[in-house]
Amino acid sequence: MTEVVLPTVADTYAFGRRLAGLLRAGDLVLLTGPLGAGKTALTRGIGAGLRVLGDITSPTFVIARVHRPDPAGGREVALVHADAYRLGDAGDPRAEIDDLDLDASVDESVTVVEWGEGLVEQLADAHLRIRLHRHDDDTRTAELDPVGGDWAERLAALG
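Right, let's walk through the structure included here. (Residues numbered from 1 in each chain as written. Predicted model: local features only at pLDDT ≥ 70, side-chain atom pairs only at ≥ 80, totals over all residues. Heavy atoms only, no water.)

### Remarks on the environment of G21
Stage number 1. Looking at the secondary structure, you find G21 in the loop between α1 (9-20) and β2 (28-32).
Stage number 2. It is 9.8 Å that separates the C-alpha atoms of G21 and R154, two residues lying 133 residues apart in sequence. (Helix = DSSP H or I, 4+ residues; strand = E, 2+ residues; numbered from the N terminus.)

Set out below in structure tokens:
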């Protein structure tokens, strides 16, 4: 596991941009942490690094958004940003995840799921779990936990 200290929201965003440089089509990133921990800020940074179109906002009420790559941006990978927060109250949240049909786009996109731990791991053979912690002084830490695949090697490149 790798831990990254993120003193400000701007640092969380910047870390997301750096992380985007490691991401490729088919990647699944799970974000966990309490409200206000920086999950959406991190995803905004990932979107900026991937150079996708559209404002990245919390998908809590729409559940999932697809951000297409900007043709002028130089990258060709879409970002699927999903939020499983409201699915936790369902009788069978995994069935609701299946209904979202995220697996239809996971191979050609980077898929980031907030609150998805325990619900979406089956979408990919390997994934990156990021646990965000917000501390009393408003700093954050991110614990990066690579699960399978070549995630550990890729994370080593973050330095």
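Read on for the rest.
### Observations regarding the sheet that holds β2
Stage number 1. Here seven strands make up an open sheet; going across it, the order is β1-β7-β6-β2-β5-β4-β3 and the pairing mixed. Edge positions in the open sheet fall to β1 (2-6) and β3 (64-67), since each of these has one partner strand only. Averaged over all pairs of adjacent strands, the angle between their axes in this sheet comes to 20°, without regard to strand direction.
Stage number 2. Where strand β4 (residues 78-83) and strand β5 (residues 109-114) come together, six bridges link them in parallel fashion. (Pairing = 2+ DSSP bridges. Axes fitted to C-alpha atoms, helices over the stretch in contact; angles between N-to-C directions.)

### Describing the pairing of β5
Stage number 1. A large share of β5 lies buried, amounting to six of its six residues.
Stage number 2. Burial of the side chains of β5 extends over both faces: S109, T111 and V113 are buried on one face and V110, V112 and E114 on the other.
Stage number 3. Summarising the sheet, β2 and β5 pair through four bridges and their orientation is parallel. Residue pairing in the sheet places L28 in a bridge with T111 of β5. (Buried < 20%, exposed > 50% of the residue type's maximum accessible area, 1.4 Å probe, protein only.)

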